[in-house]
Every structure is written in structure tokens, then in C-alpha cells.
Amino acid sequence: MTVLFAETTQEAARLVADIARRHDVKKVIKTKSMVTEEMRLNAVLGEMACSRSKRTSASTSCRSNDNEPPSHIIAPVVHKDKDEIADLFAKTHQRPRLTEIPEMTHEAREILRPHFMTATWA
């Protein structure tokens, strides 16, 4: 096992990017993490060939499609109501607008699952 230490968020992001580059990673799937937000990891990965970074939670994914920072560590889109999420899903997923939470959850799964299946494994 290798342990890496970083003094700054920029250095931490650079270390992650170096690992991704070393393994020729083209697509990253990552969980919700305030650390990666603080590191601006998506921007760092976007500057290299690994430009397709996808978040795994539906709420974080829809927030990132709206280019907003998270509003809360546990509930990153707590500031949006169901109708705003429905509008955002319809816009970003280019599908008919759904209003029932189980349907919206199913749609989010359908959108996210292919990303899990096509991620690069290092």
C-alpha cells in the first residue's frame, strides 16, 4: 500500500490526477465528497484527458448539471424543491418531465448506471 500526503487541496488534486494519468484513466465515477469539492477535483480532471468525471448520487449529479456548489454536506440539493429537480432532470436528461419521486429515482438510476458500467478501472 502507498500512502500519499498533500499539504494543500491543489497538491491533493494533482496527486489524484497523476494517478489517473499514470493509469490512462479516461472516465471517473466518484462518490459525493466535500473533499473533492474543496479540491476542485472535477476541474483538475477536466484539464487532462480524463474529462468525463461523473458523480454517483442522483442529487449531486443533478446539482453538478446545474453548475452549483453543494449546499449541504449530507443533502447537496436541499435548497431545491421537487419541482426544480423535475425541471432540471427534464432539461439535462432530455426526457419528459416526471413529478413522482419513485419515477424520478428510477430515471436517475437509468441515467447513472451506464456510467458505472463504462468507468475505467485502475
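Everything numeric here is computed off the predicted structure, so don't read it as measured data.

A. Representation of the nonpolar core. Grouped together as the largest cluster of nonpolar side chains are eight residues: Ala12, Ala13, Ala20, Val25, Val28, Met39, Leu41 and Leu45. Elements with a minimum of two residues in this core: helix 1 (9-22) and helix 3 (41-46). Considering every element that reaches this core, the biggest residue donor is helix 1, with three residues. The contacts of Ala13, once residues within four sequence positions are left out, are Met39, Leu41 and Val44. With six residues, the next largest nonpolar core counts Ile85, Phe89, Met104 and Ala108 among its residues.

B. Spatial organisation of a nonpolar patch on the surface. On the surface, Met1, Val3 and Phe5 cluster together into a nonpolar patch covering about 480 Å² of accessible area. Locating Met1 in the fold gives a position in the segment before helix 1.

C. Structural context of the pattern of salt bridges. Scanning the entire structure with this criterion turns up five salt bridges. The partner of Arg97 in a salt bridge is Asp83, and the shortest N-O contact between them spans 3.2 Å. Separated by 14 residues along the polypeptide, Arg97 in the loop between helix 5 (82-93) and helix 6 (101-118) and Asp83 in helix 5 bring together distant segments of the chain. Under the relative-accessibility criterion, Asp83 is labelled partly exposed at 40%. Notably, a salt bridge pairs Arg97 with Asp87, separated by 2.5 Å at the nearest N-O pair. With a gap of 10 residues between them, Arg97 in the loop between helix 5 and helix 6 and Asp87 in helix 5 connect regions that are remote in the sequence. Salt bridges sharing common partners tie together Arg14, Asp18 and Arg21.

Definitions and limits used
- Residues numbered from 1 in each chain as written.
- Predicted model: local features only at pLDDT ≥ 70, side-chain atom pairs only at ≥ 80, totals over all residues.
- Heavy atoms only, no water.
- Core = buried A, V, L, I, M, F, W, Y, C linked by side-chain atoms within 4.5 Å.
- Buried < 20%, exposed > 50% of the residue type's maximum accessible area, 1.4 Å probe, protein only.
- Helix = DSSP H or I, 4+ residues; strand = E, 2+ residues; numbered from the N terminus.
- Contact = heavy atoms within 4.5 Å.
- Patch = residues over 30% accessible without salt bridge, like charges linked within 9 Å, V, L, I, M, F, W, Y side chains within 5 Å.
- Areas by Shrake-Rupley, 256 points an atom, 1.4 Å probe, with all protein chains shown as cover.
- Salt bridge = Lys/Arg side-chain N within 4 Å of Asp/Glu carboxyl O.

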